[in-house]
Amino acid sequence: MTSVLVINSGSSSFKYQLIEMDAETTLARGLVERIGTDEAHIVHHDVTDSGEEETHEQTRAIRNHTEGFAAMLDFFAEHGPSLTEHPPVAVGHRVVHGGARFFEPTVVTNLVKINIQDLSELAPLHNPANVEGITAAQESFPDVPHVVVFDTAFHQTLPPKAYTYALDAATAERYRVRKYGFHGTSHKFVSEEAARFLERDVADLNQIVLHLGNGASMTAVRGGKSVETSMGLTPLEGLVMGTRTGDIDPAVAFHLHRRADMGVAELDDLFNKKSGIYGLSGHRDMRDLTESANRGDTASRNALDVYVHRLKQYLGGYFFQLGHVDTVIFTAGIGENSAEVRAETLDGLQNYGIELDAARNERRGDGIRVISTDESSVTVLVVPTNEELEIARQTLSVI
Ligand code: AMP
């Protein structure tokens, strides 16, 4: 049996998952959070042979990521699964920003870590935390290769005409300003899973993927390669999200700076954390928003309308960019679970060959499913994403 440990580190937390790669099943997963405090918290789920999850948790002082990994190892030792019986052959790390430098999973060396750190100017909150997590994990697992998998990598196939902003070229080059795109691991995973499900070669398919979670992005995938995507230099661009504006006239920032005396930090906070459906309605969770909209709350209805309007806008754009579309795929928390958002987004598109089957769309399920009618020329699917599994697959592919 071959196992891979997948790590996703933030500045004060990390998530982990131990995956057995022959059957691609999760053996354990967990979260260490509030690192750097006396009240750090660890939750560890180990999955029993019958598929049940047993949960163990503890609150204790954890000063840094290194201590966090030691705590994780304690939980594995105490509650299982045994890392002696399931030793990971490699550790795969999610890294947010690979800039234009990293376009594939990469085995970690000191130079690779320096390069990731160097890209921190593009992802100041994420990349330093990712490097800290890698270093701490290397101390805990010194004898196996560590591999980094970048959120941006899948979008490195974007052609220049798609990734170039019409900004002064010298400024753009000097400061590495261009579209990078994010959620790449998820877009790659679900587009390949859909092809496998349909028993088609991904190289023959034109697909549009809607990754709708708290963060949201859309990608046009031609022959398995990303050719256009909605997020940009940062994850702020594109679709309306839980708390992010998505597309907005950049001059709004100048206006608020001049008129409301807002500085960079305040604007960053406003656009990234206080806007989106939350800023419009007070609800950041799609379940609460739809419930409130259906109860007749005007602000919630408006927020949902704005959300769906933007989705349609991008969907239409990507249709024209691809010319011909075989599949439209919904994934992530909202995409997988909200029949209402899916129905509203695809409403009235019969003339474009998209016909949702209302009963299939409403039916709940865990796996991949087709939700279009048999007559629909575009196949619409719900494909559950699994970024950890994709990171584990890519990790194994390079060691
Ligand atoms: P993610 O970032 O992929 O975990 O997705 C989080 C988003 O999924 C939140 O906005 C949740 O409200 C949304 N979500 C989760 N379950 C449901 C559901 N059953 N119906 C609608 N939205 C859901």
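Let me sum up the structure you'll find in this document. Along each chain, residue indices are assigned from 1 in the same order as the chain's sequence is written. Reporting of local features is limited, given that this is a predicted model, to residues whose pLDDT is at least 70; pairs of side-chain atoms are given and counted only at 80 or more, and all residues count toward the totals for whole chains, interfaces and linings. The side-chain values count all of the structure's non-hydrogen atoms but skip hydrogen atoms and water molecules.

**Topic: the sheet that holds strand β13 (residues 369-370)**
Each strand in a sheet pairs with another by means of backbone hydrogen bonds, the pair being arranged parallel or else antiparallel. Only when DSSP finds a minimum of two bridges between them are two strands counted as paired. Secondary structure is summarised from DSSP: a helix means a run of H or I of at least four residues, a strand means a run of E of at least two, and numbering begins at the N terminus for each. Strand order in the open sheet formed by six strands is β11-β10-β9-β12-β14-β13, and the pairing between neighbours is mixed. Taken across any chain shown, the strands that pair with only one partner, and hence form the sheet edges, are β11 (225-229) and β13. Relative to strand β14 (residues 379-382), strand β12 (residues 327-331) runs parallel, the two sharing four bridges. Among the inter-strand pairings, Ile 329 is bridged to a residue of β14, identified as Leu 381. Contact between two residues is taken to exist if any of their heavy atoms lie within 4.5 Å; hydrogens are not considered. Only the stretch in contact is used when a helix axis is fitted, and all axes are lines through C-alpha atoms; the angle between N-to-C directions ranges over 0 to 180 degrees. Running at roughly 130° to strand β9 (residues 206-212), helix α6 (residues 184-197) makes contact with β9, β10 (216-222), β12, β13 and β14 of the sheet.

**Overview of the sheet that holds strand β8 (residues 146-150)**
Taken together, eight strands build an open sheet; the order of strands is β5-β4-β3-β2-β1-β6-β8-β7 and the sheet is mixed. Taken across any chain shown, the strands that pair with only one partner, and hence form the sheet edges, are β5 (53-62) and β7 (106-107). Two elements, strand β6 (residues 88-95) and β8, share five bridges in a ladder whose sense is parallel. Across the sheet, residue His 93 finds its bridge partner in β8, namely Val 148.

**Concerning the packing of aromatic side chains**
When the centres of two rings from Phe, Tyr and Trp lie within 6.5 Å, Trp using its six-membered ring, the rings pair. Their planes under 30 degrees apart give stacked, over 60 give edge-to-face, and anything left gives tilted. According to the stated counting rule, one finds five aromatic pairs in the structure shown. Relative to Phe 69, the ring of Phe 14 has its centre 4.2 Å away and its plane inclined at 5°; by these criteria the two rings are stacked. With Phe 14 in strand β2 (residues 14-20) and Phe 69 in helix α1 (residues 65-79), this residue pair connects regions lying 55 residues apart in the sequence. When the ring of Tyr 314 is compared with that of Tyr 318, the centres are 5.8 Å apart and the planes differ by 90°; the resulting orientation is edge-to-face. Of this pair, Tyr 314 and Tyr 318 both sit in helix α11 (residues 298-322), four residues apart, which is roughly one turn of the helix. Neither Tyr 314 nor Tyr 318 differs from the other in exposure class; each is buried. Feature note: the residues Phe 14, Tyr 16, Phe 69 and Phe 76 constitute an aromatic cluster, connected by ring pairs. For a ring to carry a charge above it, either NZ of a lysine or CZ of an arginine must fall within 6 Å of the ring centroid while also lying within 35 degrees of the normal to the ring plane. Of note, Arg 178 hangs over the ring of Tyr 163, and the distance from its end group to the ring centre comes to 3.7 Å. Cation over ring: Arg 284 sits above Tyr 278, and NZ or CZ is 4.2 Å from the ring centre. The cut-offs for exposure are 20% and 50% of the maximum accessible area for each residue type, with area from a 1.4 Å probe on protein chains only; residues under the lower value are buried, those over the upper are exposed, and the others partly exposed.

**What about the side chain of Ser 275?**
Locating Ser 275 in the fold gives a position in the loop between α8 (264-273) and α9 (276-281). For Ser 275, a relative accessible area of 12% corresponds to the buried category. A polar contact is formed between the side chain of Ser 275 and the backbone oxygen of Leu 270, at a distance of 2.5 Å. Setting aside its immediate chain neighbours within four residues, Ser 275 contacts Gly 242, Thr 243, Arg 244, Thr 245 and Leu 270. For this analysis, a polar contact is any N or O atom pair within 3.5 Å, provided that within protein one partner can donate a hydrogen and the other can accept it, and provided that sequence-adjacent residues contribute only side-chain to side-chain pairs.

**Side note on the nonpolar core**
Among the nonpolar cores identified, the biggest contains 39 residues, and Ile 208, Leu 210, Leu 212, Met 218, Tyr 307 and Val 328 are the most heavily contacted of them. For this core, the secondary structure elements donating two or more residues are β9, β10, α10 (286-294), α11, β12, α13 (339-346) and β14. No other element matches the ten residues that α11 contributes to this core. In contact with Met 218, not counting residues within four places along its chain, are His 187, Ile 208, Val 209, Leu 210, Glu 228, Thr 229, Ser 230, Leu 239, Leu 311, Tyr 314, Leu 315 and Tyr 318. Counting 22 residues, the second-largest nonpolar core is a separate cluster that includes Ala 28, Phe 69, Phe 76 and Val 91. The set of buried Ala, Val, Leu, Ile, Met, Phe, Trp, Tyr and Cys residues whose side-chain atoms join them within 4.5 Å is what this entry labels a nonpolar core.

**Brief notes about the site of the ligand**
The criterion for a residue being near a molecule or strand is simple. One of its heavy atoms has to lie within 4 Å of it. What surrounds the ligand is the set Gly 213, Asn 214, Arg 284, Asp 285, Met 286, Arg 287, Ala 332, Gly 333, Ile 334, Asn 337, Ser 338 and Arg 364. The separation between an oxygen atom of the ligand and a polar main-chain atom of Asn 214 is 2.9 Å. Take Asp 285: an N or O atom from its side chain is 2.3 Å from an oxygen atom of the ligand. Residue exposure ignores everything except the shown protein chains as possible cover, and the areas themselves are Shrake-Rupley values with a 1.4 Å probe. Protein coverage of the free-state accessible area of the ligand, which is 500 Å², stands at 71%. With four residues, helix α12 (residues 332-337) is the single largest residue contributor to the shell around the ligand.

**Notes on the pattern of salt bridges**
For salt bridges, the criterion is a side-chain nitrogen of Lys or Arg within 4 Å of an Asp or Glu carboxyl oxygen. Using the criterion set out here, one finds 20 salt bridges in the structure. Ionic pairing is found between Arg 60 and Asp 74, a salt bridge with its closest N-O pair at 3.3 Å. One end of the pair, Arg 60, is in strand β5; the other, Asp 74, is in helix α1, with 14 residues separating them in the sequence. Note on Arg 60: relative accessible area 27%, which makes it partly exposed. With a closest N to O distance of 2.8 Å, Asp 151 and Arg 94 form a salt bridge. Of this pair, Asp 151 sits in the loop between β8 and α4 (160-163) while Arg 94 sits in strand β6, placing them 57 residues apart in sequence.

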